[in-house]
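The primary structure of each chain is shown beneath.
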Amino acid sequence: MSRPPRPHLPMRPLWRCRACGAEWPCQAARLALLVDYRDDRAGLLVYLSTLMAEAGTQLSQLNGHALPENLTERFLAWARAR
Ligand SMILES: [Zn+2]
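Along each chain, the written sequence defines residue order, and numbers are assigned to residues from 1. Thresholds applied to this predicted model are a pLDDT of at least 70 for local features of residues and 80 or more for the giving and counting of side-chain atom pairs; totals over whole chains, interfaces and linings are not thresholded and use all residues. With hydrogens and water stripped out, all remaining heavy atoms of the structure feed into the side-chain values.

Student: Explanation requested: the nonpolar core in the structure shown.
Tutor: Across soluble globular proteins, nonpolar side chains have a tendency to be buried as a group. Judged by nonpolar contacts, the single largest core of 17 residues is most densely connected at Trp-15, Trp-24, Leu-33, Leu-48 and Phe-75. A run of H or I in DSSP becomes a helix once it reaches four residues, and a run of E becomes a strand once it reaches two; helices and strands are each numbered from the N terminus. Those elements giving two or more residues to this core turn out to be α1 (27-36), α2 (41-62) and α3 (71-75). For this core, the element with the highest residue contribution is α2, accounting for six residues. Contact between two residues is taken to exist if any of their heavy atoms lie within 4.5 Å; hydrogens are not considered. For Leu-48, the contacting residues outside a window of four places in its chain are Leu-33, Phe-75, Leu-76, Trp-78 and Ala-79. For this analysis, a nonpolar core means a set of buried residues of the types Ala, Val, Leu, Ile, Met, Phe, Trp, Tyr and Cys, connected via side-chain atoms within 4.5 Å. Working definition: with a 1.4 Å probe on protein chains only, accessible area under 20% of the residue-type maximum means buried, over 50% means exposed, and in between means partly exposed.

Student: What am I meant to see in the coordination of the zinc ion here?
Tutor: Reference values for angles at a metal are 109.5 degrees in the four-donor tetrahedral case and 90 or 180 degrees in the six-donor octahedral case. Each metal's donors are the N, O and S atoms found within 2.8 Å of it, except that Na, K and Ca use a 3.2 Å limit; water is left out, so coordination can look incomplete. The protein atoms that coordinate the zinc ion are His-8 (ND1), Cys-17 (SG), Cys-20 (SG) and Cys-26 (SG), at distances of 2.0 to 2.3 Å. Each donor residue of the zinc ion belongs to the same chain, and together they define the spacing H-x8-C-x2-C-x5-C. Of this pair, His-8 sits in the segment before β1 (10-11) while Cys-20 sits in the loop between β2 (16-17) and α1; the two residues are 12 residues apart in sequence, bridging distant segments of the chain. Given a relative accessible area of 28%, His-8 falls into the partly exposed group.

Student: Explain the packing of aromatic side chains here, please?
Tutor: A ring pair, where both rings are aromatic, is described by two values, the distance of the centres and the angle of the planes. To pair, rings of Phe, Tyr and Trp, with the six-membered ring standing in for Trp, must have centres within 6.5 Å; the planes then decide the type, stacked if under 30 degrees apart, edge-to-face if over 60, and tilted in the middle. Applying the stated criterion across every chain yields a total of four aromatic pairs. Ring centres 5.9 Å apart and planes at 65° place the aromatic pair Trp-15 and Phe-75 in the edge-to-face group. Separated by 60 residues along the polypeptide, Trp-15 in the loop between β1 and β2 and Phe-75 in helix α3 bring together distant segments of the chain. On the accessibility criterion, Trp-15 (0% relative accessible area) is buried.

Student: Where do I start with the side chain of Arg-30 in this structure?
Tutor: Residue placement: Arg-30 occurs in helix α1. Although Arg-30 is buried, it makes no salt bridge; Glu-23 carries the closest opposite charge, 7.1 Å away. We define a polar contact as two N or O atoms separated by no more than 3.5 Å, with the added condition that, inside protein, one atom must be a possible hydrogen donor and the other a possible acceptor, whereas residues neighbouring each other in sequence contribute only through side-chain atom pairs. At 3.3 Å, the side chain of Arg-30 forms a polar contact with the backbone oxygen of Arg-74. Residue contacts for Arg-30: discarding those within four places in its chain leaves Pro-25, Arg-74 and Trp-78. This count recognises Lys and Arg as positive and Asp and Glu as negative, with His and chain-terminal groups excluded. Counted as salt bridges are all cases of a side-chain nitrogen of Lys or Arg within 4 Å of a carboxyl oxygen of Asp or Glu.

Student: Where do I start with α1 in this structure?
Tutor: Given 3.6 residues to a turn, an α-helix orients residues that are three or four positions apart in the same direction. Within the sequence span of α1, burial applies to Ala-29, Arg-30 and Leu-33. Buried residues along α1 cover an arc of 100° about the axis, so they all sit on one side. The exposed set on the far side of α1, more than 90 degrees from its buried face, consists of Gln-27 and Leu-31. Those residues of α1 hidden inside the fold are in contact with α2 and α3. The directions from the helix axis to the C-beta atoms are what the arc is built from.

As structure tokens, this is what we get:
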């Protein structure tokens, strides 16, 4: 029996995907979130904003207190309604 695939969740404090190792949210995580929140885009953006704030704090601590660039792009831009 094969094990179920690992969910594409962030590994803190590096914010890389546990399943595929890409910067989170990876493509698979984005798709899963869009499905989960398909009827609640505003809720998705609130959720992502919360995670972005947490990631910003943790990543900047790893990064000599410099805030990583493109966090908004990475966490929010793709989720905004088109
Ligand atoms: Zn992934």
